[in-house]
Amino acid sequence: MANITKKVSWSSRGDESGGGERTPLLNGSEEIRITRQLSGDGGMFHIGRLSTVDLEEDLTSEEDTVRGCPKEIPHNEKLLSLKFESLDYDNSENQLFLEEERRMSFMGFRCLEISRWVVCGLIGFLTGLIACCIDIAVENLAGVKYFVVKQNIEKFTEVGGLSISLILWAVLNSAFVMVGAVIVAFFEPGAAGSGIPQIKCYLNGVKIPRVVRLKTLVVKVFGVICSVAGGLAVGKEGPMIHSGAVVAAGVSQGRSTSLKKDFKIFEYFRRDTEKRDFVSAGAAAGVSAAFGAPVGGVLFSLEEGASFWNQMLTWRIFFASMISTFTLNFFLSIYNKKPGELSSPGLINFGRFESESVAYNIYEIPLFIVMGAIGGLLGALFNILNYWLTIFRIRYVHRPCLQVMEAMLVAAVTATVSFTMIYFSNDCQPLRPDQSEDYPLQLFCADGQYNSMATAFFNTPERSVRSLFHNPPGSYNPLTLSVFTLTYFLLACWTYGLTVSAGVFIPSLLIGAAWGRLFGILLASITPNGSIWAVPGKYALIGAAAQLGGIVRMTLSLTVIMVEATGNVTYGLPIMLVLMTAKIVGDYFVEGLYDIHIKLQSVPFLHWEAPATSHWLTAREVMSAPVTCFKRIEKVATIVDVLSNTSTNHNGFPVVVPVAASDDPGKICGLILRSQIIVLLKHKVFVELARSRLTQRKLQLKDFRDAYPRFPPIQSIHVSQDERECMMDLTEFMNPTPYTVPQETSLPRVFKLFRALGLRHLVVVDNENRVVGLVTRKDLARYHLGKHGLEEMQLAQT
């Protein structure tokens, strides 16, 4: 084992003294580390429970008056949190399941399939409706804000006192952002950010707390409206993806647990497997509504979101995406009083590129690839800076009041920087009759001219991107674009990760469009006949794709999204080459932004493959042991005591047949989940009561679905002293055919089986089919390939 760096240690059950070696964490505190021991029986590893890190263990009242809110929270990206549970993507084929399946007719299965299409249609419709509301609210609020500020600037430009205009702009920005930050920080922290990393984890099989709640959706929608209207360097696309996922999770269940309202529909879909597929459709519908890209939405869900896929799911997701785009365009056309026009591409309108204006030459392809490399480098720099900024926030900016203050500070600084750049800019351009600027500022320019720096800063980010794409050559001078690129890059990097609902797509596109247009202007000035072929808008499009690809590392889906959003397929090949180059260059330095934030949240995320150098590790070395098992007929007192044990909090229990020697582990005959046992205890499914009450209703799968997904805690189940003496028969409710692996199975084979089937528990058995251990998500996720070879991550109770 010389080539593995030990990051966490193990102990047998008997060695819990905690007197082992200590290693420092980031802030100098110490973590108890207990070594893994070999037992004497045949040289076999006897693996005990994990030692964990309690990040608040050393707090005293002198350090902080509020328990749980230390001045500094130690954080290490090498940690793996124990607070995240797995979802149950593997169906339990118990007797109840088989009986229900036998009772269902062919027409019943067809009705279920039709119901899936109906649910996907509802998901698309509601997602498009939400996108329409967000768009209308943002355009109206931002329009009022920019109109008021513009009037104020024009007034004080003539009489002096522009500092009042600056204060007004900063105050309006801060007020909007304060509202958005308060509702996120104090009411639903799960609505912070874009939500894409959380949805990606959910689709991977990780149960992220409160990620698909109705409250999260409401806060997300109002939060993103305030964030964009508040002038932050953010976009609406990430929150739309999260919103679509929440809509899907709610609609597919036919009820709202938050509102305690059950519509008694879609009850069959109340399980993690079905819910996962609908959430994939919701995420795709969100992309489609944001960019007007139904195919791009499907590919985004496939490439960046979903970890499980099948052919029928592809068509249902495409259907949801189409409905989402149609709904958005339909209601926006009615709002704009153009009910016959459904040409609006989506929430983010890049405008249409005409074929003759975007034609490219074959000798430009190397230039596009160079731009892809630049985008990869800038994207890597963005991710590294944001990584260290996020570490700082985790450690020091963890109180809600501080998070709100930081968001307001960023809003005020954004307004101040924007005003300063506009004030000192002397880039004046003539205001043409066909000018598309929404809020042109004259400031110190001559009559009939406008300040081009204001076109970039004094606008919503979507409108700024559109102007960089479509404004004619000469609309910006190189100095304006250079200053804007630098300042907006830093502002966007600072903004992403605030406690507000915000996305990173549009800021990334805006940064790339600015330096891409600059690239085109420089080409036109230094090459013969460059002004003919080096069209600035064309290079703005390529730069936007390169920058976004360098940050989020998407390739195929982003190509299709850009093609659909711009309405021209001509640039499909160059955009794909640019995105591949940006991904290759960026991955050389650091991971994509979403993967970085997943690691910073210490989520046990399972990638597609096990670490490359892990074949020598076996299931025996990675499993958790000893395992708490139940017999087929178990005493209620034993079950209640095990479930009430807060030090273990197990969620899956192998059901065994005891062997002759009592000390030896039993032979596997099934697996039962904590949630199933909770339902059995709640309904008093005891052997003695079943015999005495012949009329007692037999438990059905509906009883388990009604309790899903918020199963009551064991503390809420009352079990009397007499009932503790009863017995519980688990035979009918356990999964009699759980997946098992021999203890000598290599880690990659265990990983592939676990990951491909979406398991939550994988039982490890010996050559006599006796239970020797249990493999869960955290046992596999803690291994990764680091700088020093194969490494194990620390497990922390964060």
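Read on for an overview of the structure. (Residues numbered from 1 in each chain as written. Predicted model: local features only at pLDDT ≥ 70, side-chain atom pairs only at ≥ 80, totals over all residues. Heavy atoms only, no water.)

1. Section: the packing of aromatic side chains
The full count for this structure, using the stated rule, is 28 aromatic pairs. Look at Y146 and F458: their rings are 4.8 Å apart centre to centre, the planes differ by 70°, and that puts the pair in the edge-to-face class. Of this pair, Y146 sits in helix α2 (residues 106-159) while F458 is found in the loop between α13 (452-457) and α14 (461-470), placing the two residues 312 residues apart along the sequence. The burial state of Y146 is the same as that of F458; both residues are buried. Ring geometry for F630 versus F653: centroids 4.9 Å apart, planes at 35°, classification tilted. Here F653 lies in strand β13 (residues 652-657) and F630 lies in strand β11 (residues 630-631), a separation of 23 residues in the sequence. The same class applies to F630 as to F653, namely buried. (Phe/Tyr/Trp six-rings, centres within 6.5 Å; stacked < 30°, edge-to-face > 60°. Helix = DSSP H or I, 4+ residues; strand = E, 2+ residues; numbered from the N terminus. Buried < 20%, exposed > 50% of the residue type's maximum accessible area, 1.4 Å probe, protein only.)

2. Structural notes on the nonpolar core
Grouped together as the largest cluster of nonpolar side chains are 140 residues, with contacts concentrated most on I422, F458 and F505. Here this core gets 14 residues from one element, more than from any other, and that element is α2. Among the nonpolar cores identified, the runner-up in size contains 30 residues, and I678, L701, I714 and L730 belong to it. (Core = buried A, V, L, I, M, F, W, Y, C linked by side-chain atoms within 4.5 Å.)

3. Describing the pairing of β13
Within β13, five of the six residues are buried, which leaves it mostly tucked inside the rest of the structure. Across two bridges, β11 lies against β13 in parallel orientation. The residue of β13 that forms the bridge with K631 is V656. For β13 and strand β14 (residues 667-673), the ladder comprises six bridges, and the chain directions are antiparallel. Residue pairing across strands places V656 opposite I668, the latter belonging to β14. (Pairing = 2+ DSSP bridges.)

4. Considering the packing of helix α3 (residues 162-187) against helix α5 (residues 214-229)
For the pair α3 and α5, the least separation of the axes is 8 Å and the interaxial angle reads 160°. By the angle between their directions, the pair α3 and α5 is classed as roughly antiparallel. Pair α3 / α5 crosses with left-handed handedness. Residues N173, F176, V177, V179, G180, I183, V184 and F187 of α3 touch α5, and the partners they reach there are K215, V219, F222, G223, C226 and A229. Taken together, the residues of the contact of α3 with α5 sort by class into ten nonpolar, three polar and one charged. (Axes fitted to C-alpha atoms, helices over the stretch in contact; angles between N-to-C directions. Parallel < 35°, antiparallel > 145°, perpendicular 65-115°, else oblique. Left-handed = near helix turned anticlockwise from the far one by under 90°. Contact = heavy atoms within 4.5 Å. Nonpolar A, V, L, I, M, F, W, Y, C, P; charged D, E, K, R; others polar.)

5. Some thoughts on the sheet that holds β13
Strand order across the open sheet formed by three strands is β11-β13-β14, with mixed pairing between neighbours. In this open sheet, the two strands that pair with only one neighbour each are β11 and β14. Of the strands in this sheet, β11, β13 and β14 are in contact with helix α24 (residues 674-682), which crosses β14 at around 70°.

6. Considering the state of the cysteines
If you walk through the whole model with that rule in mind, you get one disulfide. One disulfide bridge connects C428 with C445, the sulfur atoms lying 2.0 Å from each other. Here the S-S torsion is close to -80°, and the disulfide linking C428 with C445 is therefore left-handed. Here C428, found in strand β9 (residues 428-430), pairs with C445, found in the loop between β9 and β10 (449-451); they are 17 residues apart in sequence, far enough to count as distant. By relative accessible area, which is 25% here, C428 ends up partly exposed. Free cysteine C133: the closest other cysteine sulfur is in C132, separated by 5.7 Å. The cysteine C669 is free of any disulfide, with C629 supplying the nearest cysteine sulfur at 9.6 Å. (Disulfide = S-S within 2.5 Å.)

7. Remarks on empty space enclosed by the protein
Counted by the stated rule, this structure contains four cavities of 30 Å³ or more. Here the largest cavity is characterised by a volume of approximately 140 Å³. In this structure, the largest cavity is lined by 17 residues; those nearest its centre are Y146, G231, F457, N459 and Y488. Put simply, the parts of the chain that give the lining of the largest cavity at least two residues each are α2, α3, α12 (400-424), α13 and α14. Among the elements that take part in the lining of the largest cavity, α12 stands out by supplying three residues, more than any other. Partitioned by chemical class, the residues of the lining of the largest cavity number nine nonpolar, seven polar and one charged. Estimated volume of the second largest cavity: approximately 50 Å³. I196, I199, K200, L203, I241, A283, F300, S301, E304 and G305 are the residues that line the second largest cavity. Listing elements by their share of the lining of the second largest cavity, those giving two or more residues are α4 (196-204) and α8 (294-305). Residues that form the lining of the second largest cavity fall into these classes: six nonpolar, two polar and two charged. (1 Å grid on protein atoms, 1.4 Å probe; cavity = no way out; pocket = protein on both sides within 12 Å on 5 of 7 lines; lining within 4 Å. Points joined across faces, edges and corners; volume = space filled by probe spheres on them.)

8. A look at the sheet that holds strand β18 (residues 771-775)
As a general point, the strands of a sheet are linked pairwise by backbone hydrogen bonds and lie either parallel or antiparallel. In spatial order, the strands read β16-β17-β18; together these three strands make up an open sheet with mixed pairing. Edge positions in the open sheet fall to β16 (740-742) and β18, since each of these has one partner strand only. Pairwise comparison of adjacent strand axes, ignoring direction, gives a mean angle of 30° for this sheet. As judged from the three bridges shared by β16 and strand β17 (residues 762-765), these two strands associate in the parallel manner. Note that in β17 the partner of V741 across the bridge is V764. Each of β16, β17 and β18 is contacted by helix α28 (residues 747-757), which is oriented at about 150° to β17, the strand it contacts most.

9. A word on the environment of L431
Relative to the helices and strands, L431 is located in the loop between β9 and β10. When the C-alpha atoms of L431 and Q449 are compared, they prove to be 5.0 Å apart, with 18 residues separating the residues in sequence. In this structure, L431 is in contact with P440, G448, Q449 and Y450, ignoring residues within four places of it in sequence.

10. Let's talk about the pairing of β18
It is a general feature of regular strands that their side chains alternate between the two faces of the sheet. Extensive coverage of β18 is indicated by the burial of five of its five residues. With four bridges connecting them, β17 and β18 associate as antiparallel partners. By the bridge assignment, V763 is partnered in β18 with L774. Taking the residues that link successive antiparallel strands as the turn, the β17-β18 hairpin has five residues, and the phi of N769 there is positive, at about 65°.

11. Re helix α21 (residues 593-600)
Of all eight residues in α21, six are buried; the element is thus mostly enclosed. One or two residues past the end of α21 sits S602, with phi positive at roughly 60°.

12. Focus: α4
Within α4, nine of the nine residues are buried, which leaves the element mostly enclosed by the surrounding structure. Among all positions in α4, only I196, P197, Q198, I199, K200, C201, Y202, L203 and N204 are buried. Remark: G205 follows α4 within two positions and exhibits a positive phi of approximately 115°.

13. Some thoughts on the packing of α2 against helix α7 (residues 272-291)
Running from N to C, α2 and α7 cross one another at 35°; their axes reach a closest spacing of 9 Å. Here α2 runs over α7; the crossing is right-handed. Where α2 approaches α7, its residues R116, V119, C120, I123, G124, T127 and A131 are matched on the opposing element by E274, F278, A281, G282, A285, G286 and A289.

14. As for the pattern of salt bridges
Within the structure shown, the criterion is met by 35 salt bridges. As a salt-bridge pair, D88 and R760 come within 3.0 Å of each other at their nearest N and O atoms. Of the two residues, D88 sits in the loop between β5 (85-86) and α1 (95-103) while R760 sits in the loop between α28 and β17, which places them 672 residues apart along the sequence. Comparing D88 with R760, the two get one shared label, buried. The salt bridge involving E768 is made with R770; its shortest N-O contact spans 3.8 Å. Judged by its relative accessible area of 43%, E768 falls in the partly exposed class. Residue R770 is classed as buried on the basis of its relative accessible area, which comes to 18%. Bridged by salt links that share partners, the residues E113, R116, R271, E274 and R316 form one connected network. (Salt bridge = Lys/Arg side-chain N within 4 Å of Asp/Glu carboxyl O.)

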